[in-house]
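So the chains spell out like this:
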Amino acid sequence: MNAAYVKSMAQSVLKAGVLGSGVILALLIFFLDFRVLGSEVTFTLLYLVPIVLVTWFVGLKSGCFISFLSIACWYIVQLFQHHRSPLMFSLSMDTLSKLGMYVLIVVLIHTLKRSYELERTYARIDYLTGSINRKGFQEILDREILRGQRSSKTLALVYIDLDNFKSLNDVFGHKAGDDALRLVADVVSSHIRRSDYFARLGGDEFALLLPDTGRREAEKIIRKISGLFEKQAGKKGFGVSM
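Residues numbered from 1 in each chain as written. Predicted model: local features only at pLDDT ≥ 70, side-chain atom pairs only at ≥ 80, totals over all residues. Heavy atoms only, no water.

**With respect to the overall build of the protein**
Here comes step 1: Scanning the protein from N- to C-terminus turns up eight helices and three strands.
Here comes step 2: Of the regular secondary structure in the protein, the N- to C-terminal order runs α-α-α-α-α-β-α-α-β-β-α.
Here comes step 3: What you see for the protein is a C-alpha radius of gyration of 28 Å, clearly larger than the 18 Å of a compact globule of 242 residues, by over 25%.
Here comes step 4: Taken over the C-alpha atoms alone, the protein extends approximately 85 × 45 × 20 Å along its principal axes.
Here comes step 5: The proportion of buried residues among the 242 residues of the protein is 36%.
Here comes step 6: For the protein, the computed accessible surface area is about 15,100 Å², with 62% contributed by carbon and sulfur atoms.
Here comes step 7: The average position of the 30 basic charges and that of the 22 acidic charges among the side chains of the protein differ by 6 Å. (Helix = DSSP H or I, 4+ residues; strand = E, 2+ residues; numbered from the N terminus. Rg over C-alpha atoms; globule rule 2.2 N^0.38 Å. Buried < 20%, exposed > 50% of the residue type's maximum accessible area, 1.4 Å probe, protein only. Areas by Shrake-Rupley, 256 points an atom, 1.4 Å probe, with all protein chains shown as cover. Lys, Arg positive; Asp, Glu negative; His and termini not counted. Charge placed at Lys NZ, Arg CZ, Asp CG, Glu CD.)

See the structure below:
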């Protein structure tokens, strides 16, 4: 059972648990609302707790589900409280208004969560090559070292830099240098496993992390990648090598 599958299962269990907790919390608020029937106490805003919780940790659809459940609970309480009132049309409009407010909050929370996740992702991505940056790589390296220590499995760390990179920048300009860096990322990313990690550390320095890989296998991989890169770099006239 690989790590990705275990992580996916753990996330699914966590989401199911949060959704279940949201349902229970909404029903608990409904019970409390029903107990104080006829009082001036309102629980409209309190329903936002399970709505926000489920939307943030589970997702948009689940947040909408809790919104509909919450408004249904609120509506039932209002029916018992105003069952003799002639203003049922007003109650229906009020219900739709509150439902619209809940759904709007769900959409806003979902948008905020996506923005937060994108910011976290981009904070660990190199803008030029699209590879992992130094910060992201250090986090992965620390995690993989701990995992390797627990499982007693090998871990290969490869340092990569470009020969004659400064000359390429001086002669052809920084655009050519940027193109060479992007070529490194394209070649390496195309010839490593999904379980491997490739990062740009800065300048023309790169790192490649190969879990469950010994030294000989790592040397074989890097020789292949180096040969492919030099061949493509030669065609483009870059004059650089790994």
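**What to know about the sheet that holds strand 2 (residues 197-202)**
Hydrogen bonds along the backbone pair up the strands of a sheet, which may run parallel or antiparallel.
Here comes step 1: Spatial strand order, 1-3-2: three strands in an open sheet with antiparallel pairing. Each edge of the open sheet carries a strand with a single partner, namely strand 1 (155-161) and strand 2. Strand-to-strand, the axes of this sheet are offset by a mean angle of 20°, without reference to chain direction.
Here comes step 2: Bridging between strand 2 and strand 3 (residues 205-211) involves five bridges; their strand directions are antiparallel. Within the sheet, the bridge partner assigned to Arg200 lies in strand 3 and is Phe206. (Pairing = 2+ DSSP bridges. Axes fitted to C-alpha atoms, helices over the stretch in contact; angles between N-to-C directions.)

**Digging into the packing of helix 7 (residues 174-190) against helix 8 (residues 215-236)**
Here comes step 1: Contact pair helix 7 / helix 8: the axes reach a minimum separation of 10 Å and the direction vectors enclose 140°. By the angle between their directions, the pair helix 7 and helix 8 is classed as oblique. Crossing hand, helix 7 versus helix 8: right-handed. The residues of helix 8 that touch helix 7, namely those facing Ala180, Leu183, Val184, Val187 and Val188, are Ile225, Leu228, Phe229, Gln232, Ala233 and Lys236.
Here comes step 2: The residue inventory of the contact of helix 7 with helix 8, partitioned by class, reads nine nonpolar, one polar and one charged. (Parallel < 35°, antiparallel > 145°, perpendicular 65-115°, else oblique. Left-handed = near helix turned anticlockwise from the far one by under 90°. Contact = heavy atoms within 4.5 Å. Nonpolar A, V, L, I, M, F, W, Y, C, P; charged D, E, K, R; others polar.)

**Concerning empty space enclosed by the protein**
Here comes step 1: Counting across every chain of the model gives one cavity of 30 Å³ or more.
Here comes step 2: Lining of the largest cavity is provided by Glu144, Arg147, Gly148, Lys153, Thr154, Leu155, Pro211 and Asp212.
Here comes step 3: For the lining of the largest cavity, the element with the most residues is helix 5 (residues 134-151), which contributes three residues.
Here comes step 4: When grouped by side-chain class, the residues that make up the lining of the largest cavity number two nonpolar, two polar and four charged. (1 Å grid on protein atoms, 1.4 Å probe; cavity = no way out; pocket = protein on both sides within 12 Å on 5 of 7 lines; lining within 4 Å. Points joined across faces, edges and corners; volume = space filled by probe spheres on them.)

**Here's the deal with the nonpolar core**
Soluble globular proteins tend to bury their nonpolar side chains together.
Here comes step 1: In this structure, Phe198, Leu208 and Phe229 are the most contacted members of the largest nonpolar core, which totals 29 residues.
Here comes step 2: Counting residues per element, this core draws most heavily on helix 7, at eight residues.
Here comes step 3: Excluding its chain neighbours within four sequence positions, the residues that come into contact with Phe229 are Leu162, Ala180, Leu183, Val184, Val187, Val240, Ser241 and Met242.
Here comes step 4: One finds Val18, Val54, Ile66 and Cys73 within the second-largest nonpolar core, a separate group that totals 18 residues. (Core = buried A, V, L, I, M, F, W, Y, C linked by side-chain atoms within 4.5 Å.)

**Considerations on the state of the cysteines**
Here comes step 1: Throughout the structure, instances matching the rule amount to zero disulfides.
Here comes step 2: Sulfur of Cys64: no disulfide; nearest cysteine sulfur belongs to Cys73 and is 16 Å away. (Disulfide = S-S within 2.5 Å.)

**Some points on a nonpolar patch on the surface**
Here comes step 1: Together, Phe34, Ile76, Leu79 and Phe80 give the surface a local cluster of nonpolar side chains, amounting to about 320 Å² of exposed area.
Here comes step 2: By the secondary structure assignment, Ile76 is in helix 3 (residues 60-81).
Here comes step 3: According to the relative accessible area criterion, Ile76 is partly exposed, its value standing at 35%. (Patch = residues over 30% accessible without salt bridge, like charges linked within 9 Å, V, L, I, M, F, W, Y side chains within 5 Å. Salt bridge = Lys/Arg side-chain N within 4 Å of Asp/Glu carboxyl O.)

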